[in-house]
Amino acid sequence: PLIACPFCAAVAILLGCLCLVHASSIVMWKFSHVHLETAQNLCSQYAAVPPEATPRTVCISKAFVKTDWEAGKLECEAVDGRVSCEPAYVAAPIFNSREEAELGLPSTIWAWAVMAGRHVNANYELDGSLCGYLTSHEKTHFFMQNFRIAVDKV
């Protein structure tokens, strides 16, 4: 029985670590969460704040992601003598309301929904608020101006 104690402790430690990894997003949500009224508030409060000082998650009561305006960036690499391109990320503008989105004025874009892959998934809650992670993607900063120019041309 004494020989089994270290093995049981190791299993308990591994299970504890696994539980912590799975619960990490919930823990971050609880301790680093902010709820804002509009996407414009998000822009005004956090536009000049360094990424490490922003909350991890944010919910916006009045926001609309215009997914039919999304644009993506491909990452290409040489594979076996040919070029293979995969979607790296896609971005869509966030407006305060559906009405603002329908007008489509570049000056009313308050934030960008950016996701890895082919399509932006707008996660609206049951009460209609938009919730997601507030992160800074260094790779996307260079291309955001291209998205804004494309919106100007539309």
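As the structure is a computational prediction, the values presented were derived from the model and not from experiment.

Basis of the calculations
- Residues numbered from 1 in each chain as written.
- Predicted model: local features only at pLDDT ≥ 70, side-chain atom pairs only at ≥ 80, totals over all residues.
- Heavy atoms only, no water.
- Helix = DSSP H or I, 4+ residues; strand = E, 2+ residues; numbered from the N terminus.
- Buried < 20%, exposed > 50% of the residue type's maximum accessible area, 1.4 Å probe, protein only.
- Contact = heavy atoms within 4.5 Å.
- Areas by Shrake-Rupley, 256 points an atom, 1.4 Å probe, with all protein chains shown as cover.
- Core = buried A, V, L, I, M, F, W, Y, C linked by side-chain atoms within 4.5 Å.
- Pairing = 2+ DSSP bridges.
- Axes fitted to C-alpha atoms, helices over the stretch in contact; angles between N-to-C directions.
- Salt bridge = Lys/Arg side-chain N within 4 Å of Asp/Glu carboxyl O.
- Disulfide = S-S within 2.5 Å.

Draft legend 1. Examining the overall build of the protein more closely. Across its full length, the protein holds four helices and seven strands. Ordered by position from N to C terminus, the α and β elements of the protein give α-β-α-β-β-β-β-α-β-β-α. A burial count over the protein gives 25% of its 154 residues as buried. Within the protein, contacts between residues separated by at least 24 positions form 62% of all contacts whose residues are at least 6 apart in sequence. When the accessible surface of the protein is summed, it comes to about 10,500 Å², and 62% of that surface belongs to carbon and sulfur atoms.

Draft legend 2. Expanded view of the nonpolar core. Counting residues in hydrophobic clusters, the biggest one holds 15 residues, and the most contacted among them are Leu42, Val58, Ala63, Val65, Ile94 and Val120. If you list the elements that add at least two residues to this core, you get β1 (33–38), α2 (39–46), β2 (57–62), β5 (82–95) and β6 (111–116). Beyond its immediate stretch of four places on either side in the chain, Val58 contacts Val34, Leu36, Leu42, Leu130, Cys131, Gly132 and Leu134.

Draft legend 3. Spotlight on the sheet that holds strand β7 (residues 130–133). Reading across the sheet, the three strands line up as β1-β2-β7 and stay open at both edges, with mixed pairing between neighbours. On the outer flanks of this sheet lie β1 and β7, each paired with one strand and no other. Across the sheet, the mean angle from the axis of one strand to that of its neighbour is 20 degrees, orientation sign disregarded. Pairing of β2 with β7, which is carried by four bridges, proceeds in the antiparallel orientation. Note that in β7 the partner of Thr57 across the bridge is Tyr133. Strands in contact with α2 are β1 and β2; relative to β1, the strand with the most contacts, it is inclined by about 120 degrees.

Draft legend 4. The pattern of salt bridges, seen in detail. Overall, the coordinates contain two salt bridges when judged by the stated rule. Lys62 serves as the salt-bridge partner of Glu37, at 3.3 Å between the closest nitrogen and oxygen. Here the residue Glu37 occupies a position in strand β1, and Lys62 occupies one in strand β2, the gap between them amounting to 25 residues. Note that Arg98 and Glu102 form a salt bridge whose closest N and O atoms lie 3.5 Å from each other. Remark: Glu102 and Arg98 occur in helix α3 (residues 98–103); sequence separation between them is four residues, near one turn of the helix. Residue class for Glu102 comes out exposed when judged on its relative accessible area of 59%.

Draft legend 5. Inspection of the state of the cysteines at higher detail. Within the structure shown, the criterion is met by two disulfides. A disulfide bridge connects Cys59 with Cys131, and the sulfur atoms are separated by 1.9 Å. Measuring the twist about the S-S bond at about 110 degrees, one finds the Cys59-Cys131 disulfide to be right-handed. With Cys59 in strand β2 and Cys131 in strand β7, this residue pair connects regions lying 72 residues apart in the sequence. Cys76 shares a disulfide with Cys85; S-S distance 1.9 Å. A torsion of 110 degrees about the S-S bond marks the disulfide between Cys76 and Cys85 as right-handed. Of the residues examined, Cys85 reaches a relative accessible area of 35% and is grouped as partly exposed. Counting its disulfide-bonded cysteines in sequence order, the protein shows a connectivity of 1-4, 2-3.

Draft legend 6. Here's a closer look at the pairing of strand β4 (residues 71–79). Of the strand pairs in this sheet, β4 and β5 are connected by nine bridges, and their pairing is antiparallel. Its bridge partner lying in β5, Cys76 is registered against Cys85. A loop of two residues connects β4 with β5, the two strands running antiparallel in sequence, and Asp80 in this loop sits at a positive phi of about 55 degrees.

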